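Secondary and tertiary structure notes
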Amino acid sequence: MPLDIMDADVLHVSVSQLKTWLRCPRQYELKYVRGHEPEAVPHALAFGSAFHAALAAHYGERQAGRALSLDALVSAFARAWDEQGQRGVPIEAGEGVPDAVDLAQRMLAAFLDHDAAAPAEVVAVEKPVSAVLHDPDTGVVLEERLTGFIDLVVREDGRLVVVENKTAARRYAEDQLRFDVQPTAYQLALRQAGAGDEVGLRYQIVTKAKAPAVQVEDVMRDDQDQEDFLRMAVGVLRAIDAGVSYPLRRWQCRSCPYRRRCVK
Ligand code: SF4
């Protein structure tokens, strides 16, 4: 599968940037246009990044034919967690948030049990991908390319499956699985790389419950999803180019990393 398609010297946009603008255009402006440092990092975001690093270490070793013990995985998490804490931006934990390393240990134990029960062949870890964006109504190609990293590619029964690893307080709901644009973006890149729709799209979610669980969900995206995604991306990028920015005040403002700067 020819997935090596990250070009230099072109404008890039990520799904995360598009989602940030959709969440709040003012937040996008403060983060990406003005380049302000966040005032704090939400605990869930920092935890998710560190957990992601531990899973990447696990799958990297599996790809090399080795295995990491639970202790080694927890150490990988702890290192990544410490690095987050040393960046000079405080990690903002709400009341009652459990110790990060204790929680990660329980989650990683559940994850290892799950992985040992169904060990798929690891094909790639943190695979860079990109895609051309075009307006589906006019055919005009945008100068920005969509770029990102696929968390994991596995081979299962002779078929490639791209996997998005997540941590979440609870299991993903049906609508979350159906409408999240991340798999749609992956599929766009895969189609353009000639991989076609035979490549599967999957979420693997480790929950933060007292007894953590691993939720595995295969999802589908069709031509309509691709068109909708492209229209959304084109619309957002046009708005950004035009300098559109406004605050979108709602409950998410409480945990916004730019909230003090926003109200100045
Ligand atoms: S505080 Fe609210 S309105 Fe302001 S940037 Fe953050 S999310 Fe947007």
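As shown above, the structure is provided for reference.
Predicted, not measured: the structure shown is a model, and the values here were computed from it. (Residues numbered from 1 in each chain as written. Predicted model: local features only at pLDDT ≥ 70, side-chain atom pairs only at ≥ 80, totals over all residues.)

Let's shift gears to the overall build of the protein chain. Helix and strand content of the protein chain: nine helices and eight strands. What you see for the protein chain is a C-alpha radius of gyration of 19 Å, in line with the 18 Å of a compact globule of 264 residues. Partitioning the intrachain contacts of the protein chain with sequence separation of at least 6 by distance along the chain shows that 74% fall at a separation of at least 24. (Helix = DSSP H or I, 4+ residues; strand = E, 2+ residues; numbered from the N terminus. Rg over C-alpha atoms; globule rule 2.2 N^0.38 Å. Contact = placed C-beta atoms within 7 Å.)

Time to look at the nonpolar core. With 48 residues, the main nonpolar core has Ala54 and Phe77 as its most contacted residues. Excluding residues that lie within four positions of it along the chain, Phe77 makes contacts with Ala50, Phe51, Ala54, Val101, Ala104 and Leu108. (Core = buried A, V, L, I, M, F, W, Y, C linked by C-beta atoms within 7 Å. Buried ≥ 20, exposed ≤ 12 C-beta atoms within 10 Å, placed from the backbone.)

Around the ligand, the surrounding shell holds 13 residues, and the nearest of these are Cys24, Pro247, Cys253, Cys256 and Cys262. Elements that contribute at least two residues to the shell around the ligand include exactly helix H2 (25-33) and helix H9 (259-263). Broken down by element, the shell around the ligand gets its largest block of residues, three residues, from H2. Per-class residue counts for the shell around the ligand are eight nonpolar, two polar and three charged. (Near = placed C-beta within 6 Å. Nonpolar A, V, L, I, M, F, W, Y, C, P; charged D, E, K, R; others polar.)

This paragraph deals with the pairing of strand E4 (residues 121-134). Relative to strand E5 (residues 141-156), E4 runs antiparallel, the two sharing eleven bridges. Pairing of Glu121 across the sheet is with Arg155, part of E5. (Pairing = 2+ DSSP bridges.)

For any two helices packed against each other, one specifies the crossing angle of their axes together with the interaxial distance. Two elements in contact, helix H3 (residues 43-63) and helix H4 (residues 70-85), have axes separated by 8 Å at closest approach and are oriented at 140°. Compared by their axis directions, H3 and H4 come out oblique. When the axes of H3 and H4 are compared, the crossing they make is right-handed. The segment H3 lies against H4, with Ala46, Ser49, Ala50, Phe51, Ala53, Ala54, Ala57 and His58 engaging Leu73, Ala76, Phe77, Ala80, Trp81 and Gln84. The class makeup of the residues in the contact of H3 with H4 is eleven nonpolar, three polar and no charged. (Axes fitted to C-alpha atoms, helices over the stretch in contact; angles between N-to-C directions. Parallel < 35°, antiparallel > 145°, perpendicular 65-115°, else oblique. Left-handed = near helix turned anticlockwise from the far one by under 90°.)

Here we take up the pairing of E5. As paired elements, strand E1 (residues 11-13) and E5 share three bridges and run parallel to each other. Bridge pairing links Leu11 to Glu144 in E5. The hairpin formed by E4 and E5 contains six residues between the paired strands, and Gly139 there has a positive phi angle of roughly 80°. Linking E5 to strand E6 (residues 159-168), which pair antiparallel, is a turn of two residues; within it Asp157 sits at a positive phi near 55°.

Axis separation between helix H1 (residues 15-23) and H2 bottoms out at 5 Å; the angle between their running directions is 135°. Comparing their axes, H2 and H1 come out oblique. On the side of H1, the interface is formed by Gln17, Thr20, Trp21 and Arg23, while H2 contributes Pro25, Gln27, Tyr28, Lys31 and Tyr32. For the contact of H1 with H2, a count of residues per class yields four nonpolar, three polar and two charged.

Another point: the environment of His52. Its place among the elements puts His52 in helix H3. Owing to 17 C-beta atoms within 10 Å, His52 belongs among the partly exposed residues under this scheme. Distance from His52 to Lys166, taken between C-alpha atoms, is 7.6 Å for residues 114 residues apart in sequence.

Along its 21 residues, H3 runs 30 Å from first to last C-alpha, staying within 8% of the 30 Å computed at 1.5 Å per residue. Among all positions of H3, only Ala46, Phe47, Ala50, Phe51, Ala54, Leu55, His58 and Tyr59 are buried. Looking one or two residues beyond H3, the residue adopting positive phi is Gly65, at roughly 80°. (Expected span 1.5 Å × (residues − 1).)

Unusually for a residue other than glycine, Glu126 sits at a positive phi of about 50°. Position of Glu126 relative to the elements: it lies in strand E4. The partly exposed category is assigned to Glu126, around which 14 C-beta atoms lie within 10 Å. Even without being glycine, Asp157 reaches a positive phi, approximately 55°. Assignment of secondary structure puts Asp157 in the loop between E5 and E6.

Attention shifts here to H4. Two residues of an α-helix separated by three or four positions point the same way, owing to the 3.6 residues in each turn. End to end, H4 covers 22 Å across 16 residues, agreeing with the expected 22 Å (1.5 Å per residue, within 8%). Of the positions making up H4, those classed as buried are Leu73, Val74, Ala76, Phe77, Ala80 and Trp81. Burial along H4 is one-sided: seen end-on, the buried residues are contained in an arc of 155°. Seen from the open side of H4, the exposed residues pointing more than 90 degrees away from its buried face are Asp71 and Asp82. Those residues of H4 that are buried lie in contact with H3 and helix H5 (100-117). (Arc of directions from axis to C-beta.)

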